[in-house]
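Letter by letter, the chains look like this.
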Amino acid sequence: MAEYSYKAAGRDGKLSSGNITAASKELAIRELRKQGLTPVSVNAGAVVTAVPASLKLKRDQVINITQELTVLLRAGLPLDRALKVLIEMSQEAAPKAVLEDFLSTVKGGKGLSQALAPYEEDFGSFYISMIRSGEASGSLAEVLERLTEYLDNAKALRAGVVSALIYPMVLMVVAALSLVVMLGFVVPQFQALFNDMGDKLPALTAAVIAMGDFVKTWWWALGLLVGALVWYVKRWLRTPVGRDKWHGFLLSAPVLGETVFKYEMAKFSRTVGTLLGNGVSLLQALNIAIGTVDNVHMKGALESLPPAVKQGKRISATMEAEGVFTPKVVQIVRVGEESGSLDEMMLEL
């Protein structure tokens, strides 16, 4: 069997492209005609197709595809038929284009994990590894169900963190705006009153009035300064040094640091637990889970785990030596290692 890339016209005259597996070029052409396609060109060698940048999937669209595919496979439909139903149901351009490409790849004799490969940016290496393990064990529907649960939990976690951070951010913005309004508009109104009193003003009062005059006169310069500062900080955060310092600050900040640590640890532990529960090797599960962590300090500490596993060391001992992880994290991982239920304990974590 060989792999062929093709371009063909459908019954509606629209051109489509993809890959097909066949014993020869002639059999590939015959198979395309069976599918109602008129071959324009058929060449040896597969072509990896990708969705245009304007058709990238949103997080909710990935969740919807996973949920709906789970329901259809649970109902007993074969994978290609389930994909056809999803294409017919889809009313958005991006998911429909992706599903059509999936169907074309699956019809060519490949698995769903191979169809997902060009879309790793949208689905992630974790998702693809889970699908691969489901295909190997013959339990694709069960794996998709676990993926649905995983994605829903991740979405809820993200929403919880955002909700927790919105209130303090709103307070900071309101406080800053209130200060500007007070100094620029309210304080100057009292200046005439103080001048009529004739007495010498206390130093603190005089300083506040001077600040008010400055804000009223130079508000435009302050606006430019703030804009330039925001631009500089955003540019600085894109550099390795800036990102390292910022992530370090986030972890060490009061209240916020604990939230960031819990969020990153939750992503890592849930990913490891889910992968291990589906038969993925510990080393591969760790490498995939580390990729889900955004904070560079946390990621740096976690990157010591795969080499330690290769050397036969325990994960809990390596975590404890790093000094980044809390005693609760270390103890739960240790219990999982000692009881042989690391996957369950990572999910509990």
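Residues numbered from 1 in each chain as written. Predicted model: local features only at pLDDT ≥ 70, side-chain atom pairs only at ≥ 80, totals over all residues. Heavy atoms only, no water.

> Would you mind showing me how to read the overall build of the protein chain here?
A tally of regular secondary structure across the protein chain gives 16 helices and 3 strands. Here the C-alpha atoms of the protein chain give a radius of gyration of 29 Å, more than 25% beyond the 20 Å that 2.2 N^0.38 yields for 349 residues. Projected onto its principal axes, the C-alpha positions of the protein chain cover 100 × 60 × 35 Å. For the protein chain, buried positions account for 37% of its 349 residues. The contacts of the protein chain with a sequence gap of at least 6 include a subset with a gap of at least 24, amounting to 53%. Accessible surface, the protein chain: about 20300 Å² in total, of which carbon and sulfur atoms supply 60%. In the protein chain, 36 positive and 34 negative side-chain charges are present, and the distance between their average locations comes to 6 Å. (Helix = DSSP H or I, 4+ residues; strand = E, 2+ residues; numbered from the N terminus. Rg over C-alpha atoms; globule rule 2.2 N^0.38 Å. Buried < 20%, exposed > 50% of the residue type's maximum accessible area, 1.4 Å probe, protein only. Contact = heavy atoms within 4.5 Å. Areas by Shrake-Rupley, 256 points an atom, 1.4 Å probe, with all protein chains shown as cover. Lys, Arg positive; Asp, Glu negative; His and termini not counted. Charge placed at Lys NZ, Arg CZ, Asp CG, Glu CD.)

> Please clarify how the pattern of salt bridges should be interpreted in this entry.
Pairs may arise between side chains of opposite charge once their charged atoms sit close together. Overall, the coordinates contain 8 salt bridges when judged by the stated rule. Across the salt bridge formed by arginine 74 and glutamate 142, the nearest N and O atoms sit 3.5 Å from each other. Residue arginine 74 is located in helix 2 (residues 59–74), and its partner glutamate 142 is located in helix 7 (residues 140–197); the two are separated by 68 residues in the primary sequence. Of the residues examined, glutamate 142 reaches a relative accessible area of 36% and is grouped as partly exposed. Taking the shortest distance from any N to any O, the salt bridge between lysine 267 and aspartate 294 comes out at 2.9 Å. Here aspartate 294 lies in the loop between helix 11 (282–290) and helix 12 (296–302) and lysine 267 lies in helix 10 (residues 256–277), a separation of 27 residues in the sequence. What emerges from the salt-bridge pattern is a single network uniting Arg74, Glu142 and Glu145. (Salt bridge = Lys/Arg side-chain N within 4 Å of Asp/Glu carboxyl O.)

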